Amino acid sequence: MGDVSAALWKSARAAWATTTLLLLAWSAQAQPKTAVGRTEVADVTRKLASGDEAQVATGIEECRGQKTIATQAKGKIVELLELGLPAQAAGSALDVLGELEDPGTSAVVAKYTIHRDTVVRRSATKALGRVRGTQATSALRHALTDADAEVRGFAAAGLGALGAHDALSELVLAVDKRVYEAATAIAQLCMKDECAALTSRFGRLPFDVTSAAMSVALFRKSSDLPDATKVKMIEAIRELTSPEAKRFLGELRDKSKGLSPAVVTALQAGAKEGSP
Amino acid sequence: VRRAIGFLATLGALGAVACGGGNELRPKTLSNDWVDDNGRSIGEVQRKTDFSKAPKNSNTVVAVTSSGKVAGIDLVGGTKWTYAHALDARPRVVGGLVVGIGNGELFALDAKTGAKVWTRTVGRVPFFGAGDDGQTTVVTLGQGAGNGTTLLAVTRDGSVRRQVETDKTCGVAAVVMDTIFVPWSNQYVSAIGLSTGEELGRVVFREKISHAWLDNGQLYFGEIGVYRFDENIAMASRGKASHVKIPKRELPGSPRLLLPARDVLAPAADAFDRAHLYAYPHGRPFALDGERSYASYFRTSMGFSGRDAKLQWVSLAPTSVVGGKAVMGGVVLCHEDGSVVIHEGNTGAATGNPISFGEPIQSCVVDASEGIPIARPSASALAPLASQIRAVLVDKDAQLAAVQKTLMDEIAGSLDDSATEALIALTVDRRTPAPLVAEAKKALAGRKLGAQYMLSALEARNDALHDTKAGPVGTLALALASLQEKKAARPLLVHLLDPSTSVEDVNDIATALASLAGESERAGLLQFFELNRATTNDVLAHAVATVWVTLRKLGGKEADVALKLKDDPFTSAAVKPGLTPIPTEPPKAEPTK
């Protein structure tokens, strides 16, 4: 046993080191490339106001990942979107607004969830989950009926992120239509017995969908999702009796810090059951 | 011995013909040397003919089974029988007998039981048909490959009472109480005395006739239409005989009531049997029963009424119709799978208990007129005509294509609101053959009736979550616009903004909204314009331009925005040419596809 523990510990340390490096790299990439000056903002603003499709497209692209410039240019981008843009430029503009996460832009982003170009609708639906705002929920519920599977996936994820509990029944239907993002959304939204709609489908969903949803549900606050419900969900995983289910419960047990004793006990029981 | 008897009988007949009987009124038997006597001779025959003992129909259906046997079903009693015999032609049911021919042998069976009554060797000659008055059977036979005819009168014991040989082209003869009625040369019917062989009278018709037959104790002649042998027969040459014709109407396969009598009916049904007309004439005045007629076309059967032969019902069966007969109150039809269906005449409802030969059949002959079980179904059990038509139109059977076209025309021209509902359903039903979807849309676009069904159809949405599809929204838009149905504006706007709506439909909707949209649609129209003004798709660009014109017409701040965007660089070159000043007249629907 001692050898096994040592090996596990070594493996965990290696994984931690790798994760830390990746996080640092990502963090560096996410930072503004350089400090933003007035000139750059003015340049972008000029391009956006040029009326030239190529210039406008360039201006919008220059706002990507540049929160300061994008914030300054936001008004012009919204104005352009309100009056209508060619599809490619519209998609980029919606991506930028999504990055800004400003609920004030909800209306114009929602407007593009019914654009005839599928790529534009994907951008709008994805952005709306981040932008939030007053029109987000109704637009995303409508987008859940979209002909494009990716749009439906973004809509489901957005509804989960928005805490749109009213959309729960549609999300359950969406899961049955293989919109698997809806499973995680349900895990974010369900209350007590409502979560049975998810657990009863565990056996029919791909396990990575089940595990992703379960991970979300278990780490919700006890005040939001009672421990008893979480225990029932763990039981549902145990009933799958597959090796991957047992392995997954074991992984959860190992990351159970912060969970209530009842939940931890259930995880331990699940992980122990059938382990070598 | 029988041959000798037949020969002697022939000699007797010829002797009688040669002698002429001494009555100057009477024409020489089947002679072209005849002067129209204005119906005097045939009038006399009619007055003397006693129909009181003429047999009624046997109410049986006789079929040639797939295994080649003769089979019978009693429509009233339900008894069944089979009889094995080679068959060179389709058997007939006359005077309670089944008369057939095979391997050169004529045979007669009891129609109710299938029991053999008589057989007679005649050689391999064409069999055109038979008549029977309950005592004597007259069989009409050809003479090898020539045009001549042999009429053979056979008694119940199988002996030949008279044999008439002639070089004339005769049709199927009937017999009533010692008189043979022989149609010939497509225009005459000669009455020939069975005892003497003399021609007792003759009638000439204005219409082609080649059949004589007894039905329900009455004598009829015909081919195209039907003449009754009654007190008016003497006026036939003046066109005043009792006569009925099936009202003309366009039907697939050009169905006929009767084939020319000289066309030998094969044991197996052919195209003529599958596309066939049926009617039952009777009564005073002489008319079609209930003014009804019927037609079959492969697996479909239809009922018509009135002088314009208006379609009343249509029925679709699993297998093709291979024979049948109109009766009092309905029509009896046999199907290839061996089933026999009695349709009530007004509604087409299949009535009575299920009847079947229990095996597939090649053809059938029905001998019935009245007294068979036809029950009127309750009104609630009947599907509307439009639904009946729809059931045929969604069938993928390629053989039905012609009748589907006919029925599509029928439903398109229907003045019934429910036809609109059926047309809409056809356009969205995945089973509807593609050419018919196009036909249905075309018909729908021109509909002036059933606006409530069109509005209701607009409620259906494209929804991948609930697996629902929108209806033919472009077509509905144009139809509702021509009806100026303003209630359509709101749902049409929803479809205009739906990215799943095809650009062709979007274009039609935009055209419709040009005359239907009001103030409450302005914001949605502007949204459509703004979202799509950069398009390079020509069809969509046309729709965008149409919406722009509508916005300008409706006024308000949306019209100002639209005007501002007219020359905007992001309004595409495909759209801009359509952004013309407000026309002085409302925009007309343009060809969109």
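Residues numbered from 1 in each chain as written. Chains lettered and ligands numbered in written order. Predicted model: local features only at pLDDT ≥ 70, side-chain atom pairs only at ≥ 80, totals over all residues. Heavy atoms only, no water.

Trainee: Got a minute to help me understand the overall build of chain A in this structure?
Mentor: For chain A, the count of helices and strands is 16 helices and zero strands. Taken across its 276 residues, chain A has 44% of its residues classed as buried. Expressed as a percentage of contacts within chain A between residues at least 6 apart in sequence, the contacts between residues at least 24 apart total 62%. When the accessible surface of chain A is summed, it comes to about 14,200 Å², and 55% of that surface belongs to carbon and sulfur atoms. (Helix = DSSP H or I, 4+ residues; strand = E, 2+ residues; numbered from the N terminus. Buried < 20%, exposed > 50% of the residue type's maximum accessible area, 1.4 Å probe, protein only. Contact = heavy atoms within 4.5 Å. Areas by Shrake-Rupley, 256 points an atom, 1.4 Å probe, with all protein chains shown as cover.)

Trainee: How should I be thinking about the interface of chain A and chain B in this particular structure?
Mentor: It is common to give the size of an interface as the accessible area that goes away when the parts come together. Facing the 25 residues of chain A at the interface are 26 residues of chain B. Each partner contributes to the roughly 2,100 Å² buried at the junction of chain A and chain B, and carbon and sulfur atoms together form 63% of this total. Considering only the side of chain A, the residues that lose the most area to chain B are L83(A), I114(A) and R116(A), jointly responsible for 36% of the buried surface there. Where K177(A) meets D467(B), a salt bridge forms, and the shortest distance between an N and an O atom there is 2.5 Å. The interface formed by chain A and chain B holds seven residue pairs in polar contact (both at pLDDT 80 or more) in total. Contributing elements (two or more residues each) for the side of chain A that touches chain B: α3 (53-61), α4 (67-83) and α10 (168-176) of chain A. Considering only residue class, the side of chain A that touches chain B consists of 11 nonpolar, four polar and 10 charged. (Buried area = accessible area lost by both parts, 1.4 Å probe. Salt bridge = Lys/Arg side-chain N within 4 Å of Asp/Glu carboxyl O. Polar contact = N/O pair within 3.5 Å; in protein donor to acceptor, adjacent residues only side chain to side chain. Nonpolar A, V, L, I, M, F, W, Y, C, P; charged D, E, K, R; others polar.)

Trainee: In this structure, what is going on with the sheet that holds strand β24 (residues 300-305) of chain B? I would like to understand it.
Mentor: Strands pair in a sheet through their backbones, by hydrogen bonds, and they do so in one of two ways: parallel or antiparallel. Residues and elements named next belong to chain B. Read across the open sheet, the four strands follow the order β20-β23-β24-β25; overall the sheet is antiparallel. Strands with a single pairing partner mark the edges of an open sheet, and in this sheet they are β20 (275-278) and β25 (310-316). Along the sheet, successive strands turn relative to each other by an average axial angle of 15°, direction set aside. Packed onto the sheet, helix α4 (residues 385-393) meets β24 and β25 and runs at close to 45° relative to β25. (Pairing = 2+ DSSP bridges. Axes fitted to C-alpha atoms, helices over the stretch in contact; angles between N-to-C directions.)

Trainee: Help me out: how do you make sense of the packing of helix α9 (residues 149-162) of chain A against helix α11 (residues 181-189) of chain A in this one?
Mentor: In a packed pair of helices, the relevant descriptors are the angle between the two axes and the axis-to-axis distance. All names here are of chain A. The interhelical angle for the contact between α9 and α11, taken along N-to-C directions, is 10°, at an axis separation of 8 Å. Classified by the interaxial angle, the pair formed by α9 and α11 is roughly parallel. Where α9 approaches α11, its residues G153, A156, A157, L159, G160 and A161 are matched on the opposing element by E181, A182, A185, Q188 and L189. Split into classes, the residues belonging to the contact of α9 with α11 amount to seven nonpolar, three polar and one charged. (Parallel < 35°, antiparallel > 145°, perpendicular 65-115°, else oblique.)

Trainee: Could you clarify how one ought to interpret the confidence of the model for chain A in this entry?
Mentor: Parts of the model with low pLDDT should not have their predicted coordinates read in detail. For chain A, per-residue confidence averages 86 on the pLDDT scale, and 85% of positions sit at 70 or higher. Predicted confidence is poor over residues 1-34 of chain A, with pLDDT under 50, and the contacts of this stretch with residues over four places away or in other chains come to three contacts. (pLDDT = per-residue confidence, 0-100.)

Trainee: Looking at this model, I keep getting lost on empty space enclosed by the protein. Mind explaining?
Mentor: Residue and element names in this part refer to chain B. Applying the stated criterion across every chain yields a total of six cavities of 30 Å³ or more. Each pocket or cavity is described by its volume, and for the largest cavity that value is around 1,000 Å³. Lining the largest cavity are 46 residues; nearest its centre among them are W213, L258, K325, V365 and V366. Among the secondary structure elements, those contributing two or more residues to the lining of the largest cavity are β4 (92-94), β8 (127-132), β16 (209-215), α3 (271-274), β20, β26 (321-327) and β30 (361-367). In terms of residue class, the lining of the largest cavity is built from 28 nonpolar, nine polar and nine charged. (1 Å grid on protein atoms, 1.4 Å probe; cavity = no way out; pocket = protein on both sides within 12 Å on 5 of 7 lines; lining within 4 Å. Points joined across faces, edges and corners; volume = space filled by probe spheres on them.)

Trainee: Sorry if this is basic, but what is going on with the packing of aromatic side chains here?
Mentor: Two aromatic rings are characterised by how far apart their centres lie and by the angle between their planes. Residue and element names in this part refer to chain B. Per the stated rule, a full pass over the model turns up 14 aromatic pairs over all chains. Pairing W34 with Y188 gives two aromatic rings, centres 5.8 Å apart and planes at 85°, and the pair type is edge-to-face. Taken together, the residues span a long stretch of sequence, with W34 in the loop between α1 (2-19) and α2 (40-48) and Y188 in strand β14 (residues 188-193) at a distance of 154 residues. Owing to a relative accessible area of 15%, W34 belongs among the buried residues under this scheme. (Phe/Tyr/Trp six-rings, centres within 6.5 Å; stacked < 30°, edge-to-face > 60°.)

Trainee: Please explain the nonpolar core as it appears in this structure.
Mentor: Burial of nonpolar side chains together is a common tendency in soluble globular proteins. Of all hydrophobic cores here, the largest spans 165 residues; its most connected members are L81(A), L85(A), L171(A), M302(B) and L496(B). With near-sequence residues (within four places) excluded, L85(A) lies in contact with V56(A), I60(A), L80(A), A90(A), A93(A), Y112(A), A534(B) and F570(B). (Core = buried A, V, L, I, M, F, W, Y, C linked by side-chain atoms within 4.5 Å.)

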